[in-house]
Amino acid sequence: MRFNEQLQALQQQYREKLPDILSQIRGLADSLVAEQQSTADLEALAEHLHKIAGSAGTFGLSALSTQAALLDQRLEAVLAAEPGSDWYQGECRLLKTELYDLERFTAPDQLPGARPVLSGQLATGAGLAAEVWLLEDDELLGSSLLAHLEAFNFKARLFTSFAQMTEAFAQQQPEVLVLDVMLGTEGRSVDFLQHTGLLKDARSRLIFISAKDDFRARLQAASLGAEGFFIKPLDVPKLVTRVEQVLTRLHAPVERVLIVDDDKLLARYYQELLRGAGMHAEILQEPERIIEVLEQKYPDIVLMDLQMPGISGQNLAAVVRQYEQWVGLPIVYLSAEHDPHQQLKALNQGADDFLTKPVDDAHLITAVKSRVVRSRQLLELMTKDSLTGLLKHATIKDSINREWAIAKRKGETFCVSMLDIDHFKQVNDRFGHGTGDEVIASVATLLRQRLRATDILGRYGGEEFAVLMGSCDVAAAKAVLEDFRQRFEDLQFTSEDTSFSVTISIGLAEYRPDMDVDAETLLVNADKALYEAKKRLAVYGA
């Protein structure tokens, strides 16, 4: 079934269930005027109204959602008041009448099934060419940058004039466009680009370079959506790393969303909506299993109902925050709660945002995507090395422990390898630390390009790196790492007028289900193999 049809089917299911729900509400409403009010019935009535307030609008019944929210607020006031007063009795009678009359608000916003829905329209990168273009009128600098980009297997193209690039741009758009802010011979500038309309609807990601650090140019670049602004003389490794970061975000794994909501139909609607926008969404309806599910699914974000039977969203979020590894996990409440005081109170107990039901489809998709993007950026800053973009020492060690535990539980094989740049001190002493940083960054970039997307890469320290290869035996790991080693030796680095190459040594250790070794021992084994390797790949114990 296609995406739109799935959402329309859920809308129809909701409307088919609605008469039974309204019938239950009418039955519970009788408790309002009973001689002895049933607290349980009144609480059940409040729960029904709260659910309808949050869900009906999502399924195309905005009038019903609004009326249910109003009645829910009035019922809350009644439950908080002292019974017996004239106001109390009059309000109870009036509420019963209006609850019996809820069916009057069930007319759909539009014809059934005609409500517009999104279908992955926010996906990025569709139709783009997998290229990096460079607009630089200094042909020597442009050629040098082009060589650096091509050395890392980027498909790069150099343009030395604005007119030349414009002609090509009309036919094809690259994924990343690197632009000099001021093209001397043509007098082109970022200000000119802003008014040509060339980049107005462009889907290419923009990075600007400039001969001077000018705030006005930076501001104009920002207005065009620039992903970076670099000052000449260029720090080439940082520029290449930024290009790679932009491309990585473009091709990032789909957002993983965990929906915690006891309303099954509404949760399924959110799930289908998010899936239609290209995300991976899972539903959890047993809140007590949340930590277990977090450890299994490792979501990027949690959408959590604020009011669930037997448990509140605030308390559930507080439990999640008790675990160190989930302190930074974005949690967004979805609730029909309209009271700003209650919303702020809920936010103070562990959540990051509050979306009021019914949530507009586009609003929900955008809120989830933007939260995930920002969360991933912050996570990178906390866990990744600034020069290489690889995991930091502590994070890669944690990853080794986690991968070992997973492999042990599942009875799988995985490999740990340590890599070290040979004679790196000589590179720094002869060519300077700037060139040394370029060599280090080159290792990271080539690792990302040659290894699998599922492999875990880290900078262990200085010129030393660690690689974790899950579900991989030693023969397969050795083949991949040997290919990487040879390709790295083929790279040519340039410092002033001197070209040079660098070698790298690799040590490899394997974990098999029949081995009685822990994660720390594996790391020690890989380190021993590294120093046995020298110029060739060595396998500890082979």
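Refer to the structure printed above.
Structural notes, computed from the coordinates. (Residues numbered from 1 in each chain as written. Predicted model: local features only at pLDDT ≥ 70, side-chain atom pairs only at ≥ 80, totals over all residues. Heavy atoms only, no water.)

## Focus: the environment of Leu-355
Next up, step 1: Tracing the backbone through its elements, the reader meets Leu-355 in strand 12 (residues 353-356).
Next up, step 2: On the basis of relative accessibility, which here comes to 5%, the residue Leu-355 falls in the buried class.
Next up, step 3: Taking the C-alpha atoms as reference, Leu-355 lies 8.5 Å from Ala-336; in sequence the two are 19 residues apart.
Next up, step 4: Apart from residues lying up to four places away in sequence, Leu-355 is in contact with Val-332, Tyr-333, Leu-334, Ser-335, His-363, Leu-364 and Ala-367. (Helix = DSSP H or I, 4+ residues; strand = E, 2+ residues; numbered from the N terminus. Buried < 20%, exposed > 50% of the residue type's maximum accessible area, 1.4 Å probe, protein only. Contact = heavy atoms within 4.5 Å.)

## Some thoughts on the layout of surface pockets
Next up, step 1: Size it by volume and the second largest pocket reaches roughly 740 Å³.
Next up, step 2: Taken together, 33 residues make up the lining of the second largest pocket; nearest its centre are His-50, Asp-72, Glu-76, Gln-307 and Glu-337.
Next up, step 3: Looking at the lining of the second largest pocket, the elements with two or more residues in it are helix 2 (39-55), helix 3 (62-80) and strand 9 (307-308).
Next up, step 4: Looking at which element gives the most residues to the lining of the second largest pocket, the answer is helix 2, with 8 residues.
Next up, step 5: Counted by class, the lining of the second largest pocket contains 11 nonpolar, 10 polar and 12 charged residues. (1 Å grid on protein atoms, 1.4 Å probe; cavity = no way out; pocket = protein on both sides within 12 Å on 5 of 7 lines; lining within 4 Å. Points joined across faces, edges and corners; volume = space filled by probe spheres on them. Nonpolar A, V, L, I, M, F, W, Y, C, P; charged D, E, K, R; others polar.)

## Some words on the packing of helix 2 against helix 3
Next up, step 1: Running from N to C, helix 2 and helix 3 cross one another at 150 degrees; their axes reach a closest spacing of 8 Å. Here helix 3 runs roughly antiparallel to helix 2, going by the angle between their axes. By crossing handedness, the relation of helix 2 to helix 3 is classed as left-handed. Between helix 2, through Leu-42, Leu-45, Ala-46, Leu-49, His-50, Ile-52 and Ala-53, and helix 3, the contact on the second element is made entirely by Leu-64, Ser-65, Ala-68, Ala-69, Leu-71, Asp-72, Leu-75 and Leu-79.
Next up, step 2: Classifying every residue of the contact of helix 2 with helix 3 gives 12 nonpolar, 2 polar and 1 charged. (Axes fitted to C-alpha atoms, helices over the stretch in contact; angles between N-to-C directions. Parallel < 35°, antiparallel > 145°, perpendicular 65-115°, else oblique. Left-handed = near helix turned anticlockwise from the far one by under 90°.)

## Quick notes on helix 4 (residues 86-100)
Next up, step 1: With 15 residues, helix 4 extends 22 Å from end C-alpha to end C-alpha; this agrees with the ideal 21 Å at 1.5 Å per step.
Next up, step 2: Within helix 4 the residues assigned to the buried category are Tyr-88, Glu-91, Cys-92, Leu-95 and Leu-99. What you see down the axis of helix 4 is that its buried residues fit within an arc of 105 degrees, all on one side. Turned more than 90 degrees off the buried face of helix 4, the exposed positions are Asp-86 and Thr-97. (Expected span 1.5 Å × (residues − 1). Arc of directions from axis to C-beta.)

## Comments concerning the pattern of salt bridges
Next up, step 1: Considering all chains together, one arrives at 30 salt bridges under this definition.
Next up, step 2: A salt bridge links Arg-205 to Glu-227; the nearest nitrogen and oxygen atoms lie 3.4 Å apart. Of this pair, Arg-205 sits in strand 4 (residues 205-210) while Glu-227 sits in the loop between helix 8 (215-223) and strand 5 (229-231), placing them 22 residues apart in sequence.
Next up, step 3: Bridged by salt links that share partners, the residues Arg-74, Glu-91 and Glu-98 form one connected network. (Salt bridge = Lys/Arg side-chain N within 4 Å of Asp/Glu carboxyl O.)

## Side note on the sheet that holds strand 6 (residues 256-260)
Next up, step 1: The 5 strands lie next to each other as 7-6-8-11-12, forming an open sheet whose pairing is parallel. Because the sheet does not close on itself, it has two edges, and the strands there are strand 7 (280-284) and strand 12. Each strand of the sheet is rotated relative to its neighbour by a mean of 20 degrees, with strand direction disregarded.
Next up, step 2: Of the strand pairs in this sheet, strand 6 and strand 8 (residues 301-305) are connected by 4 bridges, and their pairing is parallel. Residue pairing across strands places Val-260 opposite Met-304, the latter belonging to strand 8.
Next up, step 3: Relative to strand 6, helix 11 (residues 290-297) is tilted by about 165 degrees, and along the sheet it contacts strand 6, strand 7 and strand 8. (Pairing = 2+ DSSP bridges.)

## Section: the packing of aromatic side chains
Next up, step 1: Taken as a whole and assessed by the stated rule, the structure comprises 11 aromatic pairs.
Next up, step 2: By the ring-pair criterion, three or more aromatic residues cluster together here, those being Phe-431, Phe-484, Phe-488, Phe-493 and Phe-500. (Phe/Tyr/Trp six-rings, centres within 6.5 Å; stacked < 30°, edge-to-face > 60°.)

## A word on helix 10 (residues 264-276)
Next up, step 1: Helix length check: helix 10, at 13 residues, gives a terminal C-alpha distance of 18 Å against a target of 18 Å (1.5 Å per residue), a fit within 8%.
Next up, step 2: With 10 of 13 residues buried, helix 10 is to be regarded as a mostly interior element.
Next up, step 3: Listed as buried for helix 10 are Leu-265, Leu-266, Ala-267, Tyr-269, Tyr-270, Gln-271, Glu-272, Leu-273, Leu-274 and Gly-276.
Next up, step 4: Just past helix 10, the residue Gly-278 takes up positive phi, approximately 90 degrees.

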